[in-house]
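Chain by chain, the residues run as shown.
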Amino acid sequence: MLKLYHWEPNANSGKPMLALAEKGVSYESHYVDLLQLDQHRPEYLRINPDGTIPTMVHGERILTESTPMMEYIDEVFEGPPLRPREPKERWRMRWWMRFFDAYFGPSLSMIGWSVFVGPAMRQRDPRELEAAIQRIPLESRRVAWRKAMFNEFTPEELAESRRRIEFATTVLEEHLARYEWIAGGSFSLADISGFNLGYALPFTQPERCNETRTPNIMRWLRSIAARPATRETWKKSRTAFAQRFAALCQEG
Ligand SMILES: N[C@@H](CCC(=O)N[C@@H](CS)C(=O)NCC(=O)O)C(=O)O
């Protein structure tokens, strides 16, 4: 049985969850609670020594990295194709997935960690947090967790992330004014990727993402939220993220 280790349908975890749902592939779902730091426990590190989520286990194959994982899903499983055949559209899909992963995602993540993950963590004993940091295998993740747990993001870093979010939302709005879907004429992995980053924007960044400033992003988010696969996937949410999704559906 295909196994997927994931957190919330959100950001990187939501990418394979939604791709599998779109393909109609069932899987054994293993919820890894990021806020409980389940991803750094020895039993999970035996599957993914980097201690990041998601991880997919298909037979003998262990797959990490959510974006190439989605391409694998589309390649090996039956179901509707999620990558355009036309070369320019496929290029556009990959261009945007790279932009989401390298530029938009890290900026949104820094803001999310500073306003959501960090405050949630700071309810705990600082010695417990320090010990938790020592168990994180990747240096880059140790740095990110330390900044979130001890509120060490600098004003300059946060300002740069906000600037990037502003820029990314502007170019996405312009793009979606020209094209129905990110790749062009058909729904693709890039829409899955972008939706996982962007579904909460109208609620977390209401001054940037709203009916007046970004009508095309709103139209695009709502049409993805209305898809049966998206609705099924977000039923797996166990946190307040479910309410953000519900609000998007209700507004439509
Ligand atoms: N590039 C990786 C990033 C994976 C990643 O960093 N995932 C986050 C959750 S969205 C995570 O595992 N965070 C927990 C941690 O760093 O301890 C991917 O796309 O799968």
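In what follows, the structure referred to is the one given above.
The residue numbers shown here count from 1 along each chain, following its written sequence. Local features are withheld for residues below a pLDDT of 70 in this predicted model, meaning they are given only at 70 or higher, and side-chain atom pairs are given and counted only at 80 or more; totals for whole chains, interfaces and linings count all residues.

### Considerations on the overall build of the protein chain
Okay, step 1: Secondary structure is summarised from DSSP: a helix means a run of H or I of at least four residues, a strand means a run of E of at least two, and numbering begins at the N terminus for each. Counting its regular elements, the protein chain contains 12 helices and four strands.
Okay, step 2: Relative to the 2.2 N^0.38 estimate, which gives 18 Å for 252 residues, the radius of gyration of the protein chain is 18 Å and therefore close to what a compact globule would have.
Okay, step 3: Each principal axis of the C-alpha distribution contributes one length, and for the protein chain these read about 50 × 45 × 30 Å.
Okay, step 4: Burial statistics for the protein chain: of 252 residues in total, 35% are counted as buried.
Okay, step 5: C-beta atoms are placed from the backbone for every residue, and two residues are taken to be in contact when these atoms lie within 7 Å. If you take every contact in the protein chain between residues at least 6 apart in sequence, the share linking residues at least 24 apart comes to 71%. C-alpha atoms define the radius of gyration, and 2.2 Å times the number of residues to the power 0.38 defines the globule rule. Any residue whose C-beta has 12 or fewer other C-beta atoms within 10 Å is treated as exposed, any with 20 or more as buried, and any in between as partly exposed, C-beta atoms being built from the backbone.

### Regarding the site of the ligand
Okay, step 1: Whether a residue is near a molecule or strand depends on its C-beta atom, placed from the backbone, lying within 6 Å of it. Taken together, 13 residues surround the ligand, and among them Ala11, Asn12, Thr52, Ser66 and Arg141 come closest.
Okay, step 2: Of all the secondary structure elements, the ones that give two or more residues to the shell around the ligand are helix 1 (11-23) and helix 3 (66-76).
Okay, step 3: Nonpolar residues are Ala, Val, Leu, Ile, Met, Phe, Trp, Tyr, Cys and Pro. Charged residues are Asp, Glu, Lys and Arg, and all others, Gly as well, are polar. In terms of residue class, the shell around the ligand is built from four nonpolar, seven polar and two charged.

### Here's the deal with the nonpolar core
Okay, step 1: Ala19, Met93, Leu189, Ala190, Tyr199, Ile217 and Leu221 are the most contacted members of the largest nonpolar core, which has 47 residues in total.
Okay, step 2: Broken down by secondary-structure element, the contributors of at least two residues to this core are strand 1 (3-6), helix 1, helix 3, helix 4 (87-121), helix 7 (155-178), helix 8 (189-198), helix 10 (215-225) and helix 12 (241-251).
Okay, step 3: Filtering out sequence-adjacent residues up to four positions away, alanine 190 remains in contact with Met93, Trp96, Met97, Ile182 and Ala183. Buried Ala, Val, Leu, Ile, Met, Phe, Trp, Tyr and Cys residues form a nonpolar core when they are connected through C-beta atoms within 7 Å.

### Here's the deal with helix 7
Okay, step 1: For helix 7, spanning 24 residues, the distance from its first C-alpha to its last is 35 Å, which sits close to the expected 34 Å at 1.5 Å a residue.
Okay, step 2: Those residues of helix 7 lying buried are Ile165, Ala168, Leu172 and Leu176.
Okay, step 3: On its buried side, helix 7 packs onto helix 4 and helix 10. A helix's residues, less one, multiplied by 1.5 Å, set its expected span.

### A look at helix 4
Okay, step 1: A maximum bend of about 50° is found in helix 4 at tryptophan 113.
Okay, step 2: Listed as buried for helix 4 are Glu89, Arg92, Met93, Trp96, Met97, Phe100, Phe104, Gly105, Ser107, Leu108, Met110 and Met121.
Okay, step 3: Looking at the buried residues of helix 4, the elements they touch are helix 1, helix 3, helix 5 (126-134), helix 6 (139-149), helix 7 and helix 8. Fitting axes to the seven residues that end at a residue and to the seven that start at it, the angle between those axes gives the bend at that residue.

### Re the sheet that holds strand 4 (residues 61-63)
Okay, step 1: One requirement defines pairing of two strands: DSSP has to find at least two bridges between them. A sheet is described by the order of its strands in space; here four strands give the open sequence 2-1-3-4, paired in mixed fashion. For this open sheet the edge positions go to strand 2 (28-31) and strand 4, each flanked by a neighbour on one side alone. Strand-to-strand twist in this sheet, taken as the mean axis angle between neighbours without regard to direction, amounts to 15°.
Okay, step 2: Judged from the three bridges that link them, strand 1 and strand 3 (residues 55-58) form a sheet pairing that is antiparallel. Bridge pairing in strand 3 links lysine 3 to valine 57. Axes here mean lines fitted to C-alpha atoms, for a helix over just the part in contact, with angles spanning 0 to 180 degrees between N-to-C directions.

### Re the packing of helix 4 against helix 6
Okay, step 1: The geometry of helix 4 relative to helix 6 is characterised by a closest axis approach of 8 Å and an angle of 75° between their N-to-C directions. Looking at the two axes, helix 4 sits roughly perpendicular to helix 6. Only Ala144, Ala148 and Met149 of helix 6 make contact with helix 4, whose side of the interface consists of Trp113, Ser114, Val117, Gly118 and Met121.
Okay, step 2: When its residues are assigned to classes, the contact of helix 4 with helix 6 shows six nonpolar, two polar and no charged. Just so you know how the angles are binned, under 35 degrees is roughly parallel, over 145 roughly antiparallel, 65 to 115 roughly perpendicular, and the rest oblique.

### Things to note about the packing of helix 3 against helix 8
Okay, step 1: Direction vectors running N to C along helix 3 and helix 8 enclose 140°, while the axes themselves pass 11 Å from each other. If you check the angle between helix 3 and helix 8, you find them oblique. In the crossing of helix 3 with helix 8, the sense of the turn from one axis to the other is right-handed. Where helix 3 approaches helix 8, its residues Thr67, Met70, Glu71 and Asp74 are matched on the opposing element by Leu189, Ile192 and Ser193.
Okay, step 2: Here the residues of the contact of helix 3 with helix 8 are counted per class, giving three nonpolar, two polar and two charged. Left-handed is the label given to a crossing in which the near helix is rotated counterclockwise from the far helix by less than a right angle, and right-handed is the label when the rotation is clockwise.

### Remarks on the pairing of strand 1
Okay, step 1: Judged from the four bridges that link them, strand 1 and strand 2 form a sheet pairing that is parallel. Paired with tyrosine 5 across the strands is histidine 30, a residue of strand 2.
Okay, step 2: If you view a crossover with the strands going away from you and the path from the first strand over the helix to the second runs clockwise, you call it right-handed. With respect to chirality, the unit in which strand 1 leads through helix 1 into the neighbouring parallel strand 2 is right-handed.

### Remarks on the environment of glycine 198
Okay, step 1: Structurally, glycine 198 is set in helix 8.
Okay, step 2: For glycine 198, a count of 25 C-beta atoms within 10 Å gives the class buried.
Okay, step 3: Ignoring anything within four residues of it in the chain, the contact list for glycine 198 reads Ile217 and Leu221.

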